[in-house]
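# Chain and residue survey
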Amino acid sequence: MAKMWAGLTSGETSKIADDFNSSISFDARMYEQDIKGSMAHAAMLAAREIISREDADQIISGLEGILTDLREGTLPVDPEAEDIHMFVEQVLTERIGDAGKKLHTARSRNDQVALDLRMYLRDETDRILPKIRKLGRSICTLASSHMETILPGYTHLQRAQPVTFAHHLLAYAMMLTRDLDRLQDCRRRMNLSPIGSCALAGTTYDTDRRMEAGALGFDGITLNSMDGVSDRDFCVELMSALSILMMHLSRFSEEIILWSSWEFRFIELSPDYTTGSSIMPQKKNSDMAELVRGKTGRVYGDLMALLTTLKGLPLAYNKDMQEDKEAVFDAVDTVKMCLDVFDGMVSTMNVRADHMKEAAGKGFINATDLADYLVRKGLPFRDAYKISGRIVRDCMEQNLVLETFPLDSYRSYSDLFEQDIYEAVDLKNCVEKRISEGGPSKASAEQQLSYASRFFTE
Ligand code: ARG
C-alpha cells in the first residue's frame, strides 16, 4: 500500500522496515474506537466550518459503512497497512474520494492513537468491573453458607487461632472491594479526551475539543497538548490496578491449591475445573488455580515492560510508545480470562467442613483463649501465657487436647481453673467470643457481608 505520508520522500520503505514498523496486527482491535473518534472529529470540523457539512456527511456515512463491514467481516483488515488509523483513512478515501482526504485536518495520529487507546481501555475497564463484581458475589454467597464452619486460621502456615471459613473468604471479598475502587478511580482519570492536541502543539484551526470529547462520552479534556499525546499513565495505572488484583487472585489460588491437597483436604474442586495426569491415575490437579497464579507474573511483566519503555522518553510522542498496546492488551485479556475461570472454580468447589473441623481440633489453636481465660480471672497476660504454654506441652506429651485435659490437671497449674474452662476452650465459643469489630464472630461476618455485597451489586 502506498504510504499516505509520501511527500517529502517517496514513501517507499524496505519490506523489512515496513513489517517492523507496522502495528496493524495488534491495533486493528481498536477499529470501533478509531472510527467513532473519526466520526466525532468530522462532525466537529463541520460544526466549526473547517470542512463543509456535505464533506462531513460523506465522511460520516463512509465511516459507518466501514464500521459495518469490519464488524461483519466483509472488509478484511490489510496486514500490509501501517496501523489501524492509516487503514481506515485509506479505505475511506478509496470509497468516497476527495472528501476522505479532509478527515485528518486538525489532528494527528499522535492524538488519534491516544484517543483510541483511552476509549478502548475505558470499554475494557467496563467489562472487567462486572467480572470482579460477579466473583465478589460468588465469594459472598459461599461465605454466607459457611458462617459457622470453623477452620484453623494460620500464621507462618502454622495453625494459629480459630476462624470461620466465612471470615477467611471475606478477607478476599475485602480485597476485591478495593480492586473495584482502584479500577473505578483509574477509569475516572482515563476518561479525559486528548483529541485536538494534534501532533504535540495543538492547531491553528478554531477547533472545539470539548464538543468532540462530549460526543465520545468523555468527562473532559486533557489540558496540555504535549501531555495529551505523550501520557500513557492511564495504561500504567490500569496495569498497576490489574497487577494488584492478580496478586489477590494469586494468593487465593495458592490457598486453593493447598486446600485441595491431601495434606489439607479442606476443599474439592469440581471436575470441571481440574485436570488429570497423563501418567498418575490418582491425580486431580488444580491447574486453573496454578495458571491464575502463573499468569500473575505475566501481568506484572506487562506493567514492568511499559514502565521501562516510558522511563527514558523525551516529550512528546516517540515511536517507542507503540509498544504500549501489546502489553496493556495482554494484561486486560489475561485478567478477563482469569476472572471468568476463577469465578467458575470458586462457585463450584465443594467445601469439606468436616476436614476443616478436624484440623481445627488439632494444633492447639485455642491456646490463646486458655491464656485469656486466666487473664479474665485476674492473672497478668504474660503469666497466663507461660502457664498456658506449659499446659500445651503437657497435653502434647499425654496425647491430649485442651478440651480433654482433666480439671485436676488444670488445677495443678493454677487454682483459678474451674469447670468453665471447658466452655472457654470450646472452639465454637472461641470464635463467637472474638467480638472485636472485624473479627470472626458471626455478627461481624454479617456486617462484612453486607458491606462487601454493596460493592458487588451491579
Ligand atoms: N501506530 C502508532 C502507535 O501505535 C500510531 C501513532 C503513530 N504516530 C507517528 N507519529 N508515527 O503509536
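This text follows the structure it describes.
These lines cover the structure that appears in this document, whether it is placed above or below. (Residues numbered from 1 in each chain as written. Predicted model: local features only at pLDDT ≥ 70, side-chain atom pairs only at ≥ 80, totals over all residues. Heavy atoms only, no water.)

With that settled, consider the overall build of the protein. Scanning the protein from N- to C-terminus turns up 19 helices and six strands. In terms of C-alpha radius of gyration, the protein reaches 31 Å, well past the compact-globule figure of 23 Å for 458 residues. Along the first, second and third principal axes, the C-alpha set of the protein runs to 100 × 50 × 40 Å. Every one of the 458 residues in the protein was classed for burial, and the buried ones make up 49%. Sequence-distant contacts, at least 24 apart, represent 75% of the contacts inside the protein between residues at least 6 apart. Total accessible area computed for the protein in this model is approximately 21800 Å², and 52% of it derives from carbon and sulfur atoms. Charge separation in the protein, taken as the distance between the mean sites of 54 positive and 71 negative side-chain charges, equals 4 Å. (Helix = DSSP H or I, 4+ residues; strand = E, 2+ residues; numbered from the N terminus. Rg over C-alpha atoms; globule rule 2.2 N^0.38 Å. Buried < 20%, exposed > 50% of the residue type's maximum accessible area, 1.4 Å probe, protein only. Contact = heavy atoms within 4.5 Å. Areas by Shrake-Rupley, 256 points an atom, 1.4 Å probe, with all protein chains shown as cover. Lys, Arg positive; Asp, Glu negative; His and termini not counted. Charge placed at Lys NZ, Arg CZ, Asp CG, Glu CD.)

We now examine empty space enclosed by the protein. Applying the stated rule across the entire model yields one cavity of 30 Å³ or more. One number sums up the size of the largest cavity: a volume of about 40 Å³. Looking at the lining of the largest cavity, the elements with two or more residues in it are helix H6 (109-144), helix H7 (165-190) and helix H10 (233-259). Residue classes in the lining of the largest cavity are distributed as seven nonpolar, one polar and no charged. (1 Å grid on protein atoms, 1.4 Å probe; cavity = no way out; pocket = protein on both sides within 12 Å on 5 of 7 lines; lining within 4 Å. Points joined across faces, edges and corners; volume = space filled by probe spheres on them. Nonpolar A, V, L, I, M, F, W, Y, C, P; charged D, E, K, R; others polar.)

This part takes up the environment of Gln161. You can see Gln161 is positioned in strand E2 (residues 158-164). When the C-alpha positions of Gln161 and Lys319 are compared, they lie 56 Å apart, and in sequence the two are 158 residues distant. Contacts of Gln161, omitting those with residues within four sequence positions, involve Leu151, Pro152, Gly153, Ile365, Thr368 and Arg434. Here the side chain of Gln161 touches Thr368 through a polar contact of 3.0 Å, side chain to side chain. (Polar contact = N/O pair within 3.5 Å; in protein donor to acceptor, adjacent residues only side chain to side chain.)

Residues Arg382, Lys386, Arg390 and Arg393 make up a contiguous surface patch of positive charge. For Arg390, the position within the fold is in helix H15 (residues 381-398). Arg390 sits in the partly exposed class, given a relative accessible area of 39%. (Patch = residues over 30% accessible without salt bridge, like charges linked within 9 Å, V, L, I, M, F, W, Y side chains within 5 Å. Salt bridge = Lys/Arg side-chain N within 4 Å of Asp/Glu carboxyl O.)

On to unusual backbone geometry. In terms of backbone geometry, most residues other than glycine have negative phi values and most peptide bonds are trans. Note the cis peptide between Leu315 and Ala316, where omega equals 0°. Relative to the elements of secondary structure, Ala316 occurs in the loop between helix H11 (287-310) and helix H12 (324-348). If you check the backbone angles, Cys198 has positive phi at about 60° while not being a glycine. Take Cys198: it is sitting in the loop between strand E3 (192-193) and helix H8 (209-215). A positive phi angle, close to 55°, is found at Phe364, a residue other than glycine. One can find Phe364 in the loop between helix H13 (353-361) and helix H14 (367-376). For Phe364, a relative accessible area of 16% gives the class buried.

As a further point, take the packing of helix H3 (residues 31-47) against helix H5 (residues 84-96). At their nearest, the axes of H3 and H5 sit 10 Å apart, and the two run at 55° to each other. With respect to each other, H3 and H5 are oriented oblique. For the crossing formed where H3 meets H5, the hand is right-handed. Residues Tyr31, Asp34 and Ile35 of H3 form the contact with H5, whose participating residues are Ile84, His85 and Val88. The residue makeup of the contact of H3 with H5, split by class, is four nonpolar, one polar and one charged. (Axes fitted to C-alpha atoms, helices over the stretch in contact; angles between N-to-C directions. Parallel < 35°, antiparallel > 145°, perpendicular 65-115°, else oblique. Left-handed = near helix turned anticlockwise from the far one by under 90°.)

Our next topic: the site of the ligand. Taken together, the neighbourhood of the ligand is formed by Ser23, Asp27, Asp83, His85, Arg109, Asn110, Val113, Tyr317, Gln322 and Lys325. At a separation of 2.8 Å, a nitrogen atom of the ligand approaches a polar side-chain atom of Gln322. Calculation on the ligand without its partners gives an accessible area of 340 Å², and the protein chains cover 86% of this total. Tallying contributions element by element places H6 first for the shell around the ligand, with three residues. By residue class, the composition of the shell around the ligand is two nonpolar, four polar and four charged. (Near = heavy atom within 4 Å.)

Summarising the element assignment, Ser388 is placed in helix H15. There is a polar contact of 3.3 Å between the side chain of Ser388 and the backbone nitrogen of Ala371. A distance of 2.8 Å separates a polar side-chain atom of Ser388 from the backbone oxygen of Ala384. Dropping the residues within four chain positions of it, Ser388 is found in contact with Ala367, Leu370, Ala371 and Leu374.

Turning our attention to the environment of Arg29. Take Arg29: it is sitting in the loop between helix H2 (24-27) and H3. Not counting residues up to four positions away in its chain, the partners in contact with Arg29 are Tyr120, Phe329 and Asp333.

Attention now moves to the packing of H6 against H12. Each pair of packed helices can be summarised by the angle the axes make with each other and by the distance between the axes. Remark: H6 packs on H12, axes separated minimally by 9 Å, with the N-to-C direction vectors making an angle of 15°. Here H6 is positioned roughly parallel relative to H12, judged by the angle of their axes. For H6 against H12, the interelement crossing comes out left-handed. Split into classes, the residues belonging to the contact of H6 with H12 amount to 16 nonpolar, two polar and nine charged.

Bringing H6 into the picture now. Compared with the 52 Å implied by 1.5 Å per residue over 36 residues, the 52 Å span of H6 between its first and last C-alpha is a close match. Along H6, 26 of the 36 residues are buried, which leaves the element largely enclosed by surrounding structure. Capping the start of H6 is the job of one residue whose side-chain oxygen sits 2.8 Å from the backbone nitrogen of Asn110: Ser108. (Expected span 1.5 Å × (residues − 1).)

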